There are 2 protein chains.
Amino acid sequence: MSWNLTSDRPIYAQLIEQMELKICSGVYPLGSKLPSVRELAREASVNPNTMQRALSKLEESGLLYSVRTSGRFVTEDKNMIKETKKRIAREQIQELLKKMTDLGFDQQEILSMLNDMAKELKK
Amino acid sequence: MSWNLTSDRPIYAQLIEQMELKICSGVYPLGSKLPSVRELAREASVNPNTMQRALSKLEESGLLYSVRTSGRFVTEDKNMIKETKKRIAREQIQELLKKMTDLGFDQQEILSMLNDMAKELKK
DNA sequence: ATTATTGTATTAAGCGCTTAATACAATAAT
DNA sequence: ATTATTGTATTAAGCGCTTAATACAATAAT
């Protein structure tokens, strides 16, 4: 899962989202040390300030913490990551159900379309 | 389905998205006349220029057309709306599958969570 | 001991988005 | 005939986002 940024939303918001995914999926394991701000910025092809902004927000939410001159680390709190994972999943599903329902699909159809597309991916 | 705007994305982009939903779901039926730019802007609490911007984009994509001093109308092309509906549905499902897979859920779990939340909504 | 690397902070510039204030021609409504 | 309403266009201002260029203290690496 590499960085994927579009111009239709603020970059720092996309960085937060993708960083959360990386943390929850174990790309950056529990308690592990992240690459430096500058390195991460280089990876994502953004300005260090922009990456810093995203990481600061993730500290506010508790997923990361930084040690002044040593580096930045993923939280040790296994449960917090688990909860974040659940939160993202719930939000994503909610959004899907809302949008699909607005479009006029009933739950039968939604499940059926999802099943089809999931099968398609399996191949 | 009323207007719901957040500050984490450009307003005009959200207007396009929600306008598409309104068209596809029949809030504004095939070939019907829309409220005026000014009226729509008032409804959504945005500047007329911003609403105009969104509507112009929807004209580019063909979902709307305008008659200079008479007003703006939904396309007569039933098939185009159907295709738009499909496109939105596909995109939304793709995004869900991608994100959930990144999070480490397998297809079994995705379907099960979706089922649960769908049932929850039914109540 | 010296050097390199941390996270962090600041300033200035450019850009797109949004709003506000107008204006205009065409035509629908009266 | 007059008035109100269309979509459309323009200009200026303010704001947030992003980048670039620096700088600094603390400390890890050498």
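Before reading further, recall that the structure is shown in the block above.
Conventions used here
- Residues numbered from 1 in each chain as written.
- Chains lettered and ligands numbered in written order.
- Predicted model: local features only at pLDDT ≥ 70, side-chain atom pairs only at ≥ 80, totals over all residues.
- Heavy atoms only, no water.
- Helix = DSSP H or I, 4+ residues; strand = E, 2+ residues; numbered from the N terminus.
- Rg over C-alpha atoms; globule rule 2.2 N^0.38 Å.
- Buried < 20%, exposed > 50% of the residue type's maximum accessible area, 1.4 Å probe, protein only.
- Areas by Shrake-Rupley, 256 points an atom, 1.4 Å probe, with all protein chains shown as cover.
- Lys, Arg positive; Asp, Glu negative; His and termini not counted.
- Charge placed at Lys NZ, Arg CZ, Asp CG, Glu CD.
- Core = buried A, V, L, I, M, F, W, Y, C linked by side-chain atoms within 4.5 Å.
- Contact = heavy atoms within 4.5 Å.
- Near = heavy atom within 4 Å.
- Polar contact = N/O pair within 3.5 Å; in protein donor to acceptor, adjacent residues only side chain to side chain.
- Nonpolar A, V, L, I, M, F, W, Y, C, P; charged D, E, K, R; others polar.
- Buried area = accessible area lost by both parts, 1.4 Å probe.
- Salt bridge = Lys/Arg side-chain N within 4 Å of Asp/Glu carboxyl O.

### Considerations on the overall build of chain A
Looking only at helices and strands, chain A has five helices and two strands in total. What you see in chain A, going N to C, is helices and strands ordered as α-α-α-β-β-α-α. Since a compact globule built from 123 residues should have a radius of gyration of about 14 Å, the 17 Å found for chain A marks it as more spread out than a globular shape. For the C-alpha atoms alone, the extent of chain A along its principal axes is close to 55 × 35 × 30 Å. For chain A, buried positions account for 39% of its 123 residues. When the accessible area of chain A is evaluated, it comes to approximately 7100 Å², of which 48% is carbon and sulfur surface. Across chain A, 20 positive and 17 negative side-chain charges occur, with their mean positions spaced 6 Å apart.

### Comments concerning the nonpolar core
Formed by 70 residues in total, the largest nonpolar core has its most connected members in Met 19, Met 51 and Leu 55 of chain A together with Met 19, Met 51, Leu 55 and Leu 114 of chain B. The residues contacting Met 19 of chain B, other than those within four sequence positions of it, are Trp 3, Tyr 28, Leu 34, Leu 40, Leu 55 and Leu 58 of chain B.

### Here's the deal with the protein's contact with DNA strand D
Lining the immediate environment of DNA strand D, one finds 21 residues, of which Ile 11, Arg 53 and Thr 69 of chain A together with Arg 68 and Arg 72 of chain B sit closest. Tyr 12 of chain A places a polar main-chain atom, nitrogen or oxygen, 3.3 Å from a phosphate oxygen of DNA strand D. Here a phosphate oxygen of DNA strand D and a side-chain polar atom of Thr 50 of chain A are 2.7 Å apart. Counting only elements with at least two residues in the surface near DNA strand D, the list comes to helix H1 (11–24) and helix H3 (48–60) of chain A together with helix H2 (37–44), helix H3 (48–60) and strand S2 (71–74) of chain B. Across the surface near DNA strand D, the residue classes tally to five nonpolar, ten polar and six charged.

### Some points on the interface of chain B and chain A
Contacts between the two partners involve 35 residues from chain B, matched on the other side by 35 residues from chain A. Between chain B and chain A, roughly 3500 Å² of surface is buried when both sides are summed, and carbon and sulfur atoms account for 75% of that area. Taken together, the links from chain B to chain A amount to two salt bridges. Measuring nitrogen to oxygen at the nearest pair gives 3.1 Å for the salt bridge that ties Glu 17 of chain B to Lys 99 of chain A. Linking chain B to chain A there are ten residue pairs in polar contact (both at pLDDT 80 or more). Elements represented by at least two residues in the side of chain B that touches chain A include exactly helix H1 (11–24), helix H4 (78–103) and helix H5 (107–122) of chain B. The element that contributes the greatest number of residues to the side of chain B that touches chain A is H4 of chain B, accounting for 15 residues.

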